[in-house]
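Here is what each chain is made of, one letter per residue.
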Amino acid sequence: MALVVTIVFVTAALLTCAGMSASSDGRLLVNMTVVRRAGAIGAYCLDGSLPAYHIHRGFGAGARNWILQFEGGGWCNDINSCAERAQTRRGSSRLMNKLETFSGILSNNVSRNPDFYNWNRVKLRYCDGGSFAGDAKFDNGTLVLYFRGQRIWQAIIEDLLPKGLMFANKALLSGCSAGGLASYLHCNNFSSYLPNTTAVKCLGDAGFFLDSPDINMYHTQRTFFQHLVTLQGIEKNLDENCTNSISDPKQCIFPQYLLKYITPPLFILNSAYDVYQFHHILVPPSADLRGHWNHCKLNPKACRPDQLHLLHVFRVEMLTALRSFLFNSSRGGAFINSCFAHCQSESQDTWFALDSPKMHNETIAESVGDWYFGRNVSKKVDCPYPCDTTCHNLIGAV
């Protein structure tokens, strides 16, 4: 019996250490895995390179539990911006860092990630520019661009299933920003790949992009997303229940319209003053050509009373879009704080640290863990800025 125990222990240790190294400052660095068979189903990054992910194996009680984290990084919605993106790490796996830091929800340290530290943790690299949802190709004879996000998602899942995902006891699909949007878009599909016995849940971090007018009452984000959906062939991959129930099916890329059709339990992590949305939806550059908002964008303390009023109105719009979920979802969780931030699950400072943002004396990590494991399913909504003194207000980050 002692021999068997030793073999199991050594095997688990090898799986845990495979593909990882530690930096001099103690960060967990995880090697990139290229999906070699992705080309068989036409799954390519914008530039035609193969998609990739990073995996750090689980161990102990978490060996059969999985987190899949979509990387974020904006979108491209026209040929020029996609051609430029194809020459960066956001459009080519050839240009990506081969080692990726795992922190926050991806950390393997129990003191930094108490509920998920020993799970299999996977980061899906983002190289399609369409939140892993497109299926099209552009070829004018001199330039070829692959909008194959949906196939990239499929290829990565099919690569992970035989590596243990098919035997998952628990699974969490997560993501940040454009990756947070991807977690909304793919939540139902993710559950279809897994056994009925798997506890599948989803987390959207900073992915609840609002269909809201800017300060000049133009629907800048709606127009941007419409062009994105058209260019990248996303509409056919949007939820059918949603697209069949709305006059413009393209609108179903917005989580506020998709939300009621998502079946697995969902946790919404978002700032009501999300910095990306502040800078690109409420006050996009096109709406402030003279730069009247420049100081406010860099420091909320520099905002004039009329500017703060519009920010509070935007917060109310977000809470209104979430109202049905907040009051009627019995299995959902939420952490809607009032910090000027964007993406709070991957950063250790905001996920779980001594000075992390809190509501009702709970960090984001504790709230997500309580929701996932059913210890205390709650929906926390912060008071308006500037009442929350735990915020880091990382406003200059976007």
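Computed from a predicted model, the values in this text were never measured in an experiment. (Residues numbered from 1 in each chain as written. Predicted model: local features only at pLDDT ≥ 70, side-chain atom pairs only at ≥ 80, totals over all residues. Heavy atoms only, no water.)

A. Looking closely at the side chain of Arg85. With respect to the secondary-structure elements, Arg85 resides in helix α2 (residues 79-85). Buried Arg85, no salt bridge; nearest opposite-charge side chain is Asp128, N-O distance 6.9 Å. Arg85 has contacts with Leu46, Gly73, Gly74, Trp75, Cys76, Arg90, Gly91, Tyr126 and Gly129, leaving out every residue within four places of it along the chain. (Helix = DSSP H or I, 4+ residues; strand = E, 2+ residues; numbered from the N terminus. Buried < 20%, exposed > 50% of the residue type's maximum accessible area, 1.4 Å probe, protein only. Lys, Arg positive; Asp, Glu negative; His and termini not counted. Salt bridge = Lys/Arg side-chain N within 4 Å of Asp/Glu carboxyl O. Contact = heavy atoms within 4.5 Å.)

B. Representation of the pairing of strand β9 (residues 170-175) within the structure. Among the six residues in β9, five count as buried, and that is most of the element. As paired elements, strand β4 (residues 65-70) and β9 share six bridges and run parallel to each other. Its bridge partner being in β9, Ile67 is matched across the sheet by Leu172. Of the pairings in the sheet, the one linking β9 to strand β10 (residues 199-205) comprises four bridges and is parallel in character. Bridging from a neighbouring strand, Lys170 pairs with Ala199 of β10. With helix α4 (residues 178-192) bridging β9 and its parallel neighbour β10, the resulting β-α-β unit is right-handed. (Pairing = 2+ DSSP bridges. Right-handed = clockwise from strand over helix to strand, strands pointing away.)

C. Looking closely at the packing of helix α8 (residues 275-282) against helix α10 (residues 305-321). One can describe the packing of α8 onto α10 by two numbers: an axis separation of 12 Å at closest approach and a directional angle of 105°. The angle between α8 and α10 places the two elements in the roughly perpendicular class. When α8 is examined against α10, the residues Gln277, Phe278, Ile281 and Leu282 are found in contact with a partner set consisting of Leu310, Leu311, Phe314 and Met318. Tallied by class, residues from the contact of α8 with α10 come to seven nonpolar, one polar and no charged. (Axes fitted to C-alpha atoms, helices over the stretch in contact; angles between N-to-C directions. Parallel < 35°, antiparallel > 145°, perpendicular 65-115°, else oblique. Nonpolar A, V, L, I, M, F, W, Y, C, P; charged D, E, K, R; others polar.)

D. Highlighting α4. Look at α4: 22 Å from first C-alpha to last across 15 residues, which is about the 21 Å you get at 1.5 Å a residue. Helix geometry: α4 is bent most strongly at His186, by close to 55°. Counting buried positions along α4 yields 11 of 15 residues, so the element is predominantly enclosed. Listed in full, the buried residues belonging to α4 are Ala178, Gly179, Gly180, Leu181, Ala182, Ser183, Tyr184, Leu185, His186, Cys187 and Phe190. (Expected span 1.5 Å × (residues − 1). Bend = angle between axes of the 7 residues up to and from the residue.)

E. View of the state of the cysteines. The final tally for this structure, using the stated rule, is eight disulfides. Each disulfide pairs two cysteine sulfurs, and for Cys296 the partner residue is Cys303, the sulfurs being separated by 1.9 Å. Every disulfide takes its handedness from the sign of the S-S torsion; for Cys296 and Cys303 that torsion is 85°, giving right-handed. Accessibility assignment for this pair places Cys296 and Cys303 in one class, buried. Bridging Cys339 to Cys391, the disulfide has an S-S length of 2.1 Å. Judged by the sign of its S-S torsion, about -80°, the bond between Cys339 and Cys391 is left-handed. Of this pair, Cys339 sits in the loop between β12 (333-337) and α12 (348-351) while Cys391 sits in the segment after β15 (379-381); the two residues are 52 residues apart in sequence, bridging distant segments of the chain. Judged on exposure class, the residue Cys339 and its partner Cys391 are both buried. (Disulfide = S-S within 2.5 Å.)

F. The arrangement of the pattern of salt bridges in detail. Tallied over the full model, the rule gives 16 salt bridges. Glu71 serves as the salt-bridge partner of Arg90, at 3.0 Å between the closest nitrogen and oxygen. With Arg90 in the loop between α2 and β5 (99-102) and Glu71 in the loop between β4 and α2, the pair connects residues that are 19 residues apart, well separated along the chain. We note a salt bridge from Glu346 to Lys123, for which the minimum N-O separation is 3.3 Å. One end of the pair, Glu346, is in the loop between β12 and α12; the other, Lys123, is in strand β6 (residues 120-124), and 223 residues separate them in sequence. Residue Lys123 is classed as buried on the basis of its relative accessible area, which comes to 5%.

G. Focus on the environment of Met318. Tracing the backbone shows Met318 in helix α10. Note on Met318: relative accessible area 0%, which makes it buried. Taking the C-alpha atoms as reference, Met318 lies 34 Å from Ser92; in sequence the two are 226 residues apart. Setting aside its immediate chain neighbours within four residues, Met318 contacts Phe208, Leu210, Asn270, Ser271, Ala272 and Gln277.

H. Structural detail: α8. The element α8 is largely enclosed, with a buried count of seven among its eight residues. Packed against the buried residues of α8 are α5 (220-232), β11 (266-271), α9 (294-298) and α10. For α8, the N-terminal cap is Asp274; the gap from its side-chain oxygen to the backbone nitrogen of Tyr276 is 3.0 Å. (Polar contact = N/O pair within 3.5 Å; in protein donor to acceptor, adjacent residues only side chain to side chain.)

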